[in-house]
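A closer look at the structure
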Amino acid sequence: IMHLPFRGRLKLLVASLTAVILLTWLYLLAGNLENGRSLLLSPCLSETPEARVLERAVLESRVREMEEENRQIRLQLNQLQGTAGQPADGGNYGNAAWGASADTGPDDVENTAEERANHTECPRSPTILKCELIHVACVCAGHNASRDVVTLVKSILFHRRNPLHFHFITDAVANQILSSLFQSWMVPSVQVSFYDADELKSEVSWIPNKHYSGIYGLMKLTLTKALPSDLTKVIVLDTDITFATDIAELWAIFRKFTDKQVIGLVENQSDWYLGNLWKNHKPWPALGRGFNTGVILLYLERLRRIGWEQMWRLTAERELMSMLSTSLADQDIFNAFIKQNPVLVHQLPCFWNVQLSDHTRSEQCYTEVSDLKVIHWNSPKKLRVKNKHVEFFRNLYLTFLEYDGNLLRRELFGCPSQATSESVRLQGALEELDEDDQCYDFRRERITVHRVHLYFLQYEYTPAGDDTDVTLVAQLSMDRLQMLEAICKHWEGPISLALYMSDAEAQQFLRYAQASEVLKNRKNVGYHIVYKEGQFYPVNLVRNVALRNANTPYVFLADVDFLPMYGLYDYLRKSVVQLDMAHTKKALVVPAFETLRYRLSFPKSKAELLSMLDMGTLYTFRYHVWTKGHAPTNYAKWRTATTPYKVEWEADFEPYVVVKRDCPEYDQRFVGFGWNKVSHIMELDAQEYDLMVLPNAFMIHMPHAPSFDISKFRSSPGYRYCLQTLKEEFHQDLSRKYGAAALKYLTAQRNI
């Protein structure tokens, strides 16, 4: 009896689905004729010679619409049956119905006078080819703009159905960040090209600009020169843009340009160019309210043909004689140019650039918020701007900000992407794996490519000129975030941190860092996000990201749950000189200790540490559970040592060391808990590094809850079996690499 309501609803939905499918196909196949004319086409289309072609297009459109309705019904059925139904096409593509494009209609202000005179109720719906390549250009400089670009790109990728080619004009910082990100993102059917902004600075550096964007705010004027000469058209976007629809709709508007039109823009939605914002406000000349350059359609081929480079220069020179400088960067010059050449502009409907700055008319661009296409956060206040729908806009932006970028790696249906050499290599490696292997998941993790966003926050550090500088290198996840402030207080030198996080967690970290007085004032800490994917913590991959992006001659390979002694940075730099690290192969061991107390009066000297050790406040690291890990440090000798002393490698030795930056990387086959540092020290020894213990250095491990991976190691026999298998394979690889010298590691392991 309890199941009757459910079954009733289920039968109703099944019946609805069947009826819809039957009626749809009967209607489409049999047709519905009235007076010999198809009702599928409007009267103004059915009389034209292209009627048959258009009717077929409309039929296909109707079929797609009905398929979508059917899909929605199936989704409801799945939900009723407890199935987690997901959209078959991988996501919601927004309001991208071509036939109902809001770009056309009786109020289409962009039509010429002749077109308006001949206007009928028949919409003109521009379309693009199924796999047509869409070009998008963006000027991006610095750490913050690079983060903004990622959110913009996510919103475009979420809705897109076409291959894309992004063209980034970047400074050195943004180039490093974005090139690494896209290389590791590996999104199908996406090409990326970079252009050096430094080479373009001379083109615009002569223009005084008061806008906060600085010289980069003028770079869009140079795109005809910066971009490839065979590129005919491009969509140009600011970094503070969010798409709410398929970018192909915007690209299709190029087909509506008249022969003379070379640029497509949305009207400016503030009163800036009307000159009435304040007393004596004198803006640059503009046509009416002027145009906003956050979203631009540039017909590059035509711009080159009319001599754009010379034209904008002449315009800027003329206006600067009286204006002296630009207030809104390139936008002022574009508007002055259009004022003189209005026939060259194609006005876009304002929902293609809904400008969310204060005192704008943006709310007049849409009846419902679902109508808008592009949101432009062009106020310095960004998400704090005032608008009656700002909560909706903010939530839309935050959705893409925290959206899992891994989900955007999907292939485009019907548009196969050209395989890169890296994707071919990875596919080959994947095919070599045996899915029946008990350790398949471990091996699969080794070839997983994680997205990497380098320098997530601003980083400004130039290594000391004496070639003794040392960077602290560590990795962490969200559950160790509270350690960062303490480490920064203990270590004043440069730090390279790799953080293993989801997209949402990365944003939480950003808010945490920006709110911390300690962290926001440190510009010599490089934060590198490695985005989560898979079931294991790829600890050595994350460590390698931090190691590769240290920019000093030496690195201190530490863990984030250790606090270095006060003054360790300066002590290590002196030790580098004392032990002639530049000309010898040495690994300097920093003895590790631990406390079980969450509140610790940190020792200020070696003498104070020894006293706490004797009182039982401190212990040698892992004394209770894993003595072998640090026993070779020889703590008894360290107590009285006044000079560095050499120790020999022993099985399972895993000290924290200072080495040259070009040391061997960590072996990425080891994930989660177990042997991730042991294998690295073993390779250092195989390469004949001398292990030298520093007599006046120490670090203390702070207590924390056990990690998820150590819990898996302790509870899962399968986990321990696979770790043992990986150890044996590592030994074999070491023997192949270093020959007979590596046999001692295998012997030592068997004697344990």
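Residues numbered from 1 in each chain as written. Predicted model: local features only at pLDDT ≥ 70, side-chain atom pairs only at ≥ 80, totals over all residues. Heavy atoms only, no water.

As recorded in an unreviewed UniProt entry, the protein goes by LARGE xylosyl- and glucuronyltransferase 2 and comes from Oncorhynchus tshawytscha. Under the UniProt heading Pathway (unreviewed entry), the note attached to the protein is "Protein modification; protein glycosylation." The heading Cofactor (unreviewed entry) in the UniProt record of the protein holds the text "Mn(2+)". (UniProt positions renumbered as here; feature names shortened; annotations may be inferred.)

Notes on the packing of helix α11 (residues 308-323) against helix α12 (residues 330-340)
At their nearest, the axes of α11 and α12 sit 9 Å apart, and the two run at 100 degrees to each other. Judged on the interaxial angle alone, α12 and α11 are roughly perpendicular. Of the residues in α12, those in contact with Trp308, Met311, Trp312, Thr315, Ala316, Arg318 and Glu319 of α11 are Ile333, Phe334, Ala336, Phe337 and Gln340. Its residues assigned to classes, the contact of α11 with α12 shows 8 nonpolar, 2 polar and 2 charged. (Axes fitted to C-alpha atoms, helices over the stretch in contact; angles between N-to-C directions. Helix = DSSP H or I, 4+ residues; strand = E, 2+ residues; numbered from the N terminus. Parallel < 35°, antiparallel > 145°, perpendicular 65-115°, else oblique. Contact = heavy atoms within 4.5 Å. Nonpolar A, V, L, I, M, F, W, Y, C, P; charged D, E, K, R; others polar.)

Some details on the state of the cysteines
Applying the stated rule across the entire model yields 2 disulfides. In this model, Cys131 is linked to Cys415 through a disulfide, with the two sulfur atoms separated by 2.0 Å. The sign of the S-S torsion, about -95 degrees, decides the handedness of the disulfide formed by Cys131 and Cys415: left-handed. With a gap of 284 residues between them, Cys131 in the loop between α4 (113-117) and β3 (134-140) and Cys415 in the loop between α13 (390-401) and α14 (421-432) connect regions that are remote in the sequence. The disulfide partner of Cys439 is Cys722, and the gap between their sulfur atoms is 2.2 Å. Disulfide Cys439 to Cys722: torsion about the S-S bond roughly -100 degrees, handedness left-handed. (Disulfide = S-S within 2.5 Å.)

Topic: the packing of aromatic side chains
By the definition in use, this model includes 33 aromatic pairs. Taken together, a centroid distance of 4.9 Å and an interplanar angle of 90 degrees make the contact between Trp308 and Phe337 edge-to-face. You can see Trp308 sitting in helix α11 and its partner Phe337 sitting in helix α12, a full 29 residues away along the chain. This pair shows no difference in class: Trp308 is buried, exactly as Phe337 is. (Phe/Tyr/Trp six-rings, centres within 6.5 Å; stacked < 30°, edge-to-face > 60°. Buried < 20%, exposed > 50% of the residue type's maximum accessible area, 1.4 Å probe, protein only.)

Observations regarding the pattern of salt bridges
The full count for this structure, using the stated rule, is 35 salt bridges. A salt bridge links Arg543 to Asp559; its shortest N-O distance comes to 3.2 Å. Highlighted residues: Arg543 in helix α19 (residues 539-548) and Asp559 in the loop between β17 (554-557) and β18 (562-564), separated in sequence by 16 residues. The exposure classification of Arg543 matches that of Asp559, with both residues buried. A salt bridge links Lys628 to Asp652; the nearest nitrogen and oxygen atoms lie 3.4 Å apart. Linking Lys628 in the loop between β21 (619-620) and α22 (635-640) with Asp652 in the loop between β22 (645-647) and β23 (656-660), this pair joins segments that are 24 residues apart in sequence. Accessibility expressed as a relative area gives 35% for Lys628, which makes it partly exposed. (Salt bridge = Lys/Arg side-chain N within 4 Å of Asp/Glu carboxyl O.)

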